[in-house]
Amino acid sequence: MPEFNPHLLLDVPRYPDTGYALLADRIKRMLGTSADVVFVQAEAILALEAVAASIARPGAVAVNVVTSPYGTWFGTWLRRGGATVYDVVAEAGQPVTLSAVSGCLDTLAQVDIVAAVHAESSSGVLNPLAELAALAQSRNALFAVDAVASVGGHAIDIDGLGIDITVIGPQKALAGPAGVSAVVLGKRAWAHIESTPDFAPSSLSLAALKQDWLERGRAALPGTPSALEFWALEAALDRIEAEGIERVIARHQLAARATRA
Ligand SMILES: *Cc1c(COP(=O)(O)O)cnc(C)c1O
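For the structure given in this document, a descriptive report is provided here. All of these numbers come straight from a predicted model, not from anything done at the bench. (Residues numbered from 1 in each chain as written. Predicted model: local features only at pLDDT ≥ 70, side-chain atom pairs only at ≥ 80, totals over all residues. Heavy atoms only, no water.)

Attention now goes to the site of the ligand. Close to the ligand lie 13 residues; Glu 43, Tyr 70, Ser 121, Asp 146 and Lys 172 are nearest. Between the ligand and the protein, one listed contact pairs a nitrogen atom with a side-chain N or O atom of Asp 146 at 2.6 Å. Here an oxygen atom of the ligand and a side-chain polar atom of Lys 172 are 2.8 Å apart. Bound to the protein, the ligand loses 84% of the 370 Å² it would expose on its own. Classifying every residue of the shell around the ligand gives seven nonpolar, two polar and four charged. (Near = heavy atom within 4 Å. Polar contact = N/O pair within 3.5 Å; in protein donor to acceptor, adjacent residues only side chain to side chain. Areas by Shrake-Rupley, 256 points an atom, 1.4 Å probe, with all protein chains shown as cover. Nonpolar A, V, L, I, M, F, W, Y, C, P; charged D, E, K, R; others polar.)

Turning to the packing of aromatic side chains, a few remarks are in order. If you walk through the whole model with that rule in mind, you get seven aromatic pairs. Residues Tyr 20 and Phe 230 carry aromatic rings whose centres are separated by 4.9 Å and whose planes lie at 80° to one another, so their mutual orientation is edge-to-face. Separated by 210 residues along the polypeptide, Tyr 20 in helix α1 (residues 19–31) and Phe 230 in helix α9 (residues 227–243) bring together distant segments of the chain. Of the residues examined, Tyr 20 reaches a relative accessible area of 2% and is grouped as buried. Between Phe 39 and Phe 230, the ring centres sit 5.5 Å apart and the planes meet at 90°, which makes this aromatic pair edge-to-face. Linking Phe 39 in strand β1 (residues 36–40) with Phe 230 in helix α9, this pair joins segments that are 191 residues apart in sequence. The pair formed by Phe 39 and Phe 230 is uniform in burial state, with each residue classed as buried. The structure contains a cluster of three or more aromatic residues connected by ring pairs, namely Tyr 15, Tyr 20, Phe 39, Trp 213, Phe 230 and Trp 231. Above the plane of the ring of Trp 190 lies Lys 210, whose end atom (NZ or CZ) is 5.5 Å from the centre. (Phe/Tyr/Trp six-rings, centres within 6.5 Å; stacked < 30°, edge-to-face > 60°. Helix = DSSP H or I, 4+ residues; strand = E, 2+ residues; numbered from the N terminus. Buried < 20%, exposed > 50% of the residue type's maximum accessible area, 1.4 Å probe, protein only. Lys NZ or Arg CZ within 6 Å of the ring centre and 35° of its normal.)

Another aspect to go through is the pattern of salt bridges. One pass over the structure, following the stated rule, counts 10 salt bridges. Across the pair Glu 215 and Lys 210 runs a salt bridge whose closest N-O atoms are separated by 2.6 Å. Looking at Lys 210, the relative accessible area reads 15%, which means it is buried. Several salt bridges share partner residues, and in doing so they unite Arg 26, Asp 238 and Glu 241 into one network. (Salt bridge = Lys/Arg side-chain N within 4 Å of Asp/Glu carboxyl O.)

Attention now goes to the sheet that holds strand β5 (residues 142–146). The pairing of strands in a sheet happens through backbone hydrogen bonds and is either parallel or antiparallel. With mixed pairing, the seven strands of this open sheet are ordered in space as β1-β7-β6-β5-β4-β2-β3. If you trace the sheet from one side to the other, it starts and ends with β1 and β3 (84–89), each paired once. For this sheet, the mean inter-axis angle between neighbouring strands, taken without regard to orientation, is 20°. Bridge count between β5 and strand β6 (residues 165–168): three bridges; the pairing is parallel. Residue pairing for β6: Asp 146 is matched across the bridge by Val 167. Docked against the sheet, helix α5 (residues 129–138) engages β2 (61–66), β4 (113–117) and β5, running at close to 155° with respect to β5. (Pairing = 2+ DSSP bridges. Axes fitted to C-alpha atoms, helices over the stretch in contact; angles between N-to-C directions. Contact = heavy atoms within 4.5 Å.)

On to α1. Over its 13 residues, α1 extends 19 Å from the first C-alpha to the last, a length consistent with the 18 Å expected when each residue adds 1.5 Å. Summarising burial for α1: 10 of the 13 residues are buried, a large majority. For α1, every residue scored as buried is listed here: Gly 19, Tyr 20, Ala 21, Leu 23, Ala 24, Arg 26, Ile 27, Lys 28, Met 30 and Leu 31. Where α1 is buried, its residues contact β1, α6 (158–161), β6, β7 (181–185), α9 and α10 (245–260). Note on α1: the residue one or two positions beyond its end, Gly 32, has a positive phi of about 65°. (Expected span 1.5 Å × (residues − 1).)

Take the environment of Arg 14 next. Locating Arg 14 in the fold gives a position in the segment before α1. Classification of Arg 14 by relative accessible area gives exposed; the value is 60%. Residues Arg 14 and Ala 44 lie 30 residues apart in sequence; the distance between their C-alpha atoms is 22 Å. Apart from the residues lying within four places of it in its own chain, the contact partners of Arg 14 are Ala 227 and Trp 231. For Arg 14, the side chain forms a polar contact with the side chain of Asp 17, separated by 2.8 Å.

So this is what it looks like as structure tokens:
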């Protein structure tokens, strides 16, 4: 066992109420986006479930790219919310093909949501994000992306590609803690969520997070936030900013090439 004293984790000072907005702004800068960033006080799986729960409604039609169990789960959560979901399942270990996605879109009169994982941690698969974004846009559908494994390993041009919802977590290529995650939401995402029946009080309700945090000046987070997680997120962002996100991405790309070689 490495030298590690868990007693150092006790009696840490509470994370300051003024700190959450600063963390959100640093994440926005890191991602180069002007969209809103909200925190989900849990591992990124819960943030993904919160997105699905907050955008699904009866009558909504979703095209859901499946390149791993994460996509399967996302489709399950959308269906639980009443959406009609068409899964586009890729060959094992392969990215989804655009012809499969456009072929599915072409069979549907109306498409409200397109969802996909950007990069898969288990297989190294990278889905064609820009092209998927363009397909979603061509149908005026909301585009929701699981970028948990890709943030810090690949560039993600959220605003440039018009990605409406992006889920990230610090625990993969950002080398941060696993107990807090973030959702990046643009205007179209909020409009969709606001027209979806809310189910608050619920830890999965993004509408509640908007009302209770974004619209209250982004001060105290609801509940008792885990100080450990937010201090760790701050430290992870310190380290990324010191290295520079472009260098962080280049370092992961080099490791990927070396591993494949
Ligand atoms: C890791 C990962 C998540 C978060 O889930 P874990 O419980 O850490 O596995 C979500 N989506 C993707 C694509 C991931 O690679």
